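Report on the structure
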Amino acid sequence: SANNPWTGFQIFLSPYYANEVAAAAKQITDPTLSSKAASVANIPTFTWLDSVAKIPDLGTYLASASALGKSTGTKQLVQIVIYDLPDRNCAAKASNGEFSIANNGQANYENYIDQIVAQIQQFPDVRVVAVIEPDSLANLVTNLNVQKCANAKTTYLASVNYALTNLAKVGVYMYMDAGHAGWLGWPANLSPAAQLFTQVWQNAGKSPFIKGLATNVANYNALQAASPDPITQGNPNYDEIHYINALAPLLQQAGWDATFIVDQGRSGVQNIRQQWGDWCNIKGAGFGTRPTTNTGSQFIDSIVWVKPGGESDGTSNSSSPRYDSTCSLPDAAQPAPEAGTWFQAYFQTLVSAANPPL
Ligand code: BGC
């Protein structure tokens, strides 16, 4: 549709991910598997700006995307994840970030956003789509019993507001992270979630650039499961389409015609978890449905790959300061490196178990 930010644009491939994939493919000796692996570099993912140090890369990508758009005549769209809140990842440990609330975190975060805005405004011909802060608002819906989340609440809200209002000024299309079916999709969580998201949207001035919500980011749920995975334990919203169909009308009732994007990057194989809440490097996962705007749903702008498949969810090394015991569960692939770093064995499984196949 005309309102779909992807319409009329070609997605710029993240050079960072393409390099990771090319290096990984070279390490695979089986030639068939290696060429399948190499082909993943052509599938668009999101670039995670998970620290201030990554922001100059964004400037480089925007410049390349702008030049490519001019030379090919096809306008380019750059996909990013805004992910640097102070006291980030308040209910888990694996992805703790660089800023803390106690140590000037909110001001540091505003500076992080300002630097991103400064890059983006130099390239008005490049469209930017952003996922806003995975897990943060969802944690405020269900995890205020965790001290770190309760303590972070006002800072998360103020910081997300800062991100939304300032990125809207430079025309970034945004989707706030909304967890997944097995988190906010439980019937008791839907209304509180809808209330929080609409409030955040209202407080940010109801900008048309705040398109809606992103679901299943870095998770493993199917968009449409053939049948409910037993771990979904009777939740009527046992996959992402049921979750989205339940949440969208609640947002509409509050006046927000929100649309969704859904991560399917690692959702190719179903029924591989022991608990629905398990999230760390799930064994047996395969790459999933390719990114497409042909989603079959009026509510979904695009199926996307947000988590760059092959990057770890968290370390299984119990002596690391970011060790989260979830990464040592029986359904977590081990040994696993630090969150965000390359996990070669895991990538190889994603490739060989890809569905549809590569
Ligand atoms: C990590 C980030 C990383 C992202 C994508 C997160 O779990 O904390 O550092 O950029 O995953 O791999």
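Residues numbered from 1 in each chain as written. Predicted model: local features only at pLDDT ≥ 70, side-chain atom pairs only at ≥ 80, totals over all residues. Heavy atoms only, no water.

1. Examining the pattern of salt bridges
Applying the stated rule across the entire model yields six salt bridges. Notably, a salt bridge pairs Asp50 with Lys54, separated by 2.7 Å at the nearest N-O pair. Lys54 sits in the partly exposed class, given a relative accessible area of 21%. Between Lys70 and Asp125 there is a salt bridge; the shortest N-O distance is 3.7 Å. With Lys70 in helix α3 (residues 55–72) and Asp125 in the loop between α4 (105–120) and β4 (127–132), this pair connects stretches of sequence that are 55 residues apart. Look at Asp125 and you get partly exposed, because its relative accessible area is 30%. The network of salt bridges with shared partners includes Arg266, Lys307 and Asp313. (Salt bridge = Lys/Arg side-chain N within 4 Å of Asp/Glu carboxyl O. Buried < 20%, exposed > 50% of the residue type's maximum accessible area, 1.4 Å probe, protein only. Helix = DSSP H or I, 4+ residues; strand = E, 2+ residues; numbered from the N terminus.)

2. Side note on empty space enclosed by the protein
Gaps left between atoms are located by rolling a probe of water-molecule size over the structure's atoms. In the structure shown here, the tally under the stated rule is two cavities of 30 Å³ or more. Estimates place the volume of the largest cavity at around 60 Å³. Forming the boundary of the largest cavity are Asn221, Ala222, Ala225, Ser227, Asp229, Ile231, Thr232, Tyr238, Asp239, Gln270, Arg273 and Trp276. Looking at the second largest cavity, its volume works out to about 40 Å³. The wall of the second largest cavity is formed by Phe12, Ser14, Pro15, Thr45, Thr47, Tyr61, Val78 and Gln79. (1 Å grid on protein atoms, 1.4 Å probe; cavity = no way out; pocket = protein on both sides within 12 Å on 5 of 7 lines; lining within 4 Å. Points joined across faces, edges and corners; volume = space filled by probe spheres on them.)

3. Things to note about the nonpolar core
Among soluble globular proteins, nonpolar side chains are generally buried collectively. Within the largest apolar cluster, 69 residues are counted, with the highest numbers of intra-cluster contacts made by Ile82, Leu167, Met176 and Phe197. The biggest single contributor to this core is helix α6 (residues 147–169), with eight residues. (Core = buried A, V, L, I, M, F, W, Y, C linked by side-chain atoms within 4.5 Å.)

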